[in-house]
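Report on the structure
So you can see what is in the structure, the chains are spelled out below.
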Amino acid sequence: MLSEKTKQAIEKLQKSYPEKRSALLPALHLAQAEAGYLSKDVQAEVAALFDIAPNEVNSVVTFYDMFFEKPVGKHCLHVCKNISCMLRGGDELLQKLCQRLDIAPGGTTSDGEFTVIPSECLGACDRAPMILVDDHVEGPIEEKDLENLLAEAKKGHGHSSPVEHEEAEHA
């Protein structure tokens, strides 16, 4: 379940908005950063912090592909599948990446290192085809770039935690 630190961070977020419900998306990011994914128990805990029904939280979690209901790899590779990226080879890039990692789209490597997520527009059409590696935009990407992209991703810390970043800023 969520730590007191994360609960306090969510309560602080709620005070930043005229309606505390407006803080739901960033609160879910905080919860996911701590728990790794948003299980039904974590969703229920977040719902209780907002005084809303758990199914309302679940409808948000299942709508966005940035939230996970089950464990994912240390590094998430969101491959844009929208029109700009598709026209510039995004579909082939997704296929080659999945072949290289020996997983299907949406799958996680057996070592738990990578999850590949086909995603709707990631808002970087000028970099098509592009991949969001954890929280970093990479593009335009070609097949020849995949090995280096994966090697660099492995050097990173994986999913970032806004709670940890806030503490680091104040240290």
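To be clear, the structure that these remarks concern was listed above.
Here's a quick rundown of the structure.

Criteria and thresholds
Residues numbered from 1 in each chain as written. Predicted model: local features only at pLDDT ≥ 70, side-chain atom pairs only at ≥ 80, totals over all residues. Heavy atoms only, no water. Patch = residues over 30% accessible without salt bridge, like charges linked within 9 Å, V, L, I, M, F, W, Y side chains within 5 Å. Areas by Shrake-Rupley, 256 points an atom, 1.4 Å probe, with all protein chains shown as cover. Salt bridge = Lys/Arg side-chain N within 4 Å of Asp/Glu carboxyl O. Helix = DSSP H or I, 4+ residues; strand = E, 2+ residues; numbered from the N terminus. Buried < 20%, exposed > 50% of the residue type's maximum accessible area, 1.4 Å probe, protein only. Pairing = 2+ DSSP bridges. Axes fitted to C-alpha atoms, helices over the stretch in contact; angles between N-to-C directions. Contact = heavy atoms within 4.5 Å.

**Things to note about a nonpolar patch on the surface**
- On the surface, Ile83, Met86 and Leu87 cluster together to form a nonpolar patch covering roughly 300 Å² of accessible area.
- With respect to the helices and strands, the residue Leu87 is situated in helix H5 (residues 83–87).
- By relative accessible area, Leu87 is classed as exposed at 66%.

**Brief notes about the sheet that holds strand S2 (residues 114–119)**
- The four strands lie next to each other as S2-S1-S3-S4, forming an open sheet whose pairing is mixed. The open sheet terminates on both sides in strands that have one partner only, identified here as S2 and strand S4 (136–138). Pairwise comparison of adjacent strand axes, ignoring direction, gives a mean angle of 25 degrees for this sheet.
- Both strand S3 (residues 131–133) and S4 contribute to a ladder of three bridges, which runs antiparallel. Paired with Val133 across the strands is His136, a residue of S4.
- Running over the sheet, helix H6 (residues 90–101) touches strand S1 (75–80), S2 and S3 and is turned about 160 degrees from S2.
- Relative to S1, helix H7 (residues 146–155) is tilted by about 145 degrees, and along the sheet it contacts S1, S2, S3 and S4.

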